[in-house]
Amino acid sequence: MRLSRVRARRSLGVILAVGAMLRLIGLNWDSGHHLHPDERFISMVEERLEFPSSPSGYFDSAGSPLNPYNRGFGSFVYGTLPMFGTKVIAKAIRQDGYGGAHLVGRTLSSIADLLSVWLAYLIARRFSRDRRVALAAAGLLAFCPLALQLSHFWNVDTFLTAFSTAALLGAVRMAQGRSRLPEVAATGVAVGLAVACKVTALVLLLPLGLGALLGAFREGIPRESRAAALALAKTAGRFALAFAAAAITVRIALPYAFASGFFSFALDPRYVEDMKRLAQLSATVSGFPPAVQWAGRTILFPLKNLVIWGAGPLFGLAALAALVWGILELRRRSNRALAPILAHALFLIAYHGFATTKS
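It should be emphasised that the depicted structure is a prediction, and the values quoted were computed from it without experimental measurement.

In terms of regular secondary structure, the protein is built from 15 helices and 0 strands. Computed over its C-alpha atoms, the radius of gyration of the protein comes to 21 Å, within 12% of the 21 Å expected for a compact globule of 359 residues. Buried positions account for 43% of the 359 residues belonging to the protein. Contacts in the protein between residues at least 24 apart in sequence constitute 70% of all its contacts with a sequence separation of at least 6. Summed over its atoms, the accessible surface of the protein is roughly 18600 Å², and 66% of this surface lies on carbon and sulfur atoms. On the protein, the mean spot of the 38 positive side-chain charges and the mean spot of the 18 negative ones are 13 Å from each other.

Here we come to the packing of aromatic side chains. Taken as a whole and assessed by the stated rule, the structure comprises 15 aromatic pairs. In textbook terms, an aromatic cluster arises when at least three aromatic residues are bridged by ring pairs, as seen for Tyr 58, Phe 59, Phe 84, Tyr 256, Phe 262 and Phe 263.

Attention shifts here to the nonpolar core. Ranked by internal contacts, the top residues of the largest apolar core, which has 49 residues, are Met 83, Phe 84, Val 191 and Leu 204. Only helix H2 (37-48), helix H4 (81-92), helix H5 (101-125), helix H8 (157-175), helix H9 (181-195), helix H10 (205-216), helix H11 (225-253) and helix H12 (269-282) provide two or more residues apiece to this core. Of the residues forming this core, the biggest block, 7 residues, is contributed by H8. Apart from the residues lying within four places of it in its own chain, the contact partners of Met 83 are Ile 42, Val 45, Glu 46, Leu 49, Pro 68, Phe 76 and Trp 154. One finds Ile 15, Val 117, Tyr 121 and Ala 311 within the second-largest nonpolar core, a separate group that totals 16 residues.

Criteria and thresholds
- Residues numbered from 1 in each chain as written.
- Predicted model: local features only at pLDDT ≥ 70, side-chain atom pairs only at ≥ 80, totals over all residues.
- Heavy atoms only, no water.
- Helix = DSSP H or I, 4+ residues; strand = E, 2+ residues; numbered from the N terminus.
- Rg over C-alpha atoms; globule rule 2.2 N^0.38 Å.
- Buried < 20%, exposed > 50% of the residue type's maximum accessible area, 1.4 Å probe, protein only.
- Contact = heavy atoms within 4.5 Å.
- Areas by Shrake-Rupley, 256 points an atom, 1.4 Å probe, with all protein chains shown as cover.
- Lys, Arg positive; Asp, Glu negative; His and termini not counted.
- Charge placed at Lys NZ, Arg CZ, Asp CG, Glu CD.
- Phe/Tyr/Trp six-rings, centres within 6.5 Å; stacked < 30°, edge-to-face > 60°.
- Core = buried A, V, L, I, M, F, W, Y, C linked by side-chain atoms within 4.5 Å.

Spelled out as structure tokens, the structure:
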């Protein structure tokens, strides 16, 4: 017996309500002592930033008072979007600065994670007519231990996850041939917002490209060369549209990765050097003291942490089983739209498994 739409929506509402309670309870868990090191640094940076007086000043990387590099900080490797968004709201309610912005940021972090729960429901609905399957997916993420923990931190993680999940939903809809051009552009915007949270989200271009390719060839590869060429042109056009939307979004939401001027996409040398230093630290366990704990870890170390500590055994084992199931389902044309999600998941597993510092 299938679950009706009304009951499914009510059940999803309960899941989101309980998830919200668990995320919003105890947001001031450290009693204002800023015990999370990354969050403490972001709070210090936010306090010194000021909004420029004009739109052109916002894109003036060399002189903007909103650019951490111009306010006495030689390094800022986080995406600026979560910090800027928090500062706008915190200032509006007079809670900006070191003593208050982090609580606003933690609240927004919880909201972003709840958005991921809803998006997980929507993704699961694309592959199952049974609404209970989608509710199970939403429930697993709503009560995921790592998600609950990260929702209590003002960092980039939950924001990155929300925008990445939105981008994956868009890629799946593209693969199923369900996206019109405005939706394709919106998917590109989601990719851009994810990159503005953390630059490693550039890997979302892989599922984006797969979504465009599968959407154009969802009925199979045409035998006629002209039809095949048209399908390839459609793939290229849709990917180009999404890529352009992503690039413009990154330019707006991560402005100080670039040199001055809105129409300039040349990278700021300070940002490039910052990323190089971060890459060097990530490439060794000896150059940065906290990284010593990652020495001697095997490729399975991240998966072990996912199952035992991150997602928890129920969610973690279900996810790994679903990964195997999804790969086998790719043989069926009706489920080939799983490819963008599977590609992203497999890439992340490989990336964390083979990284020198498996943090």
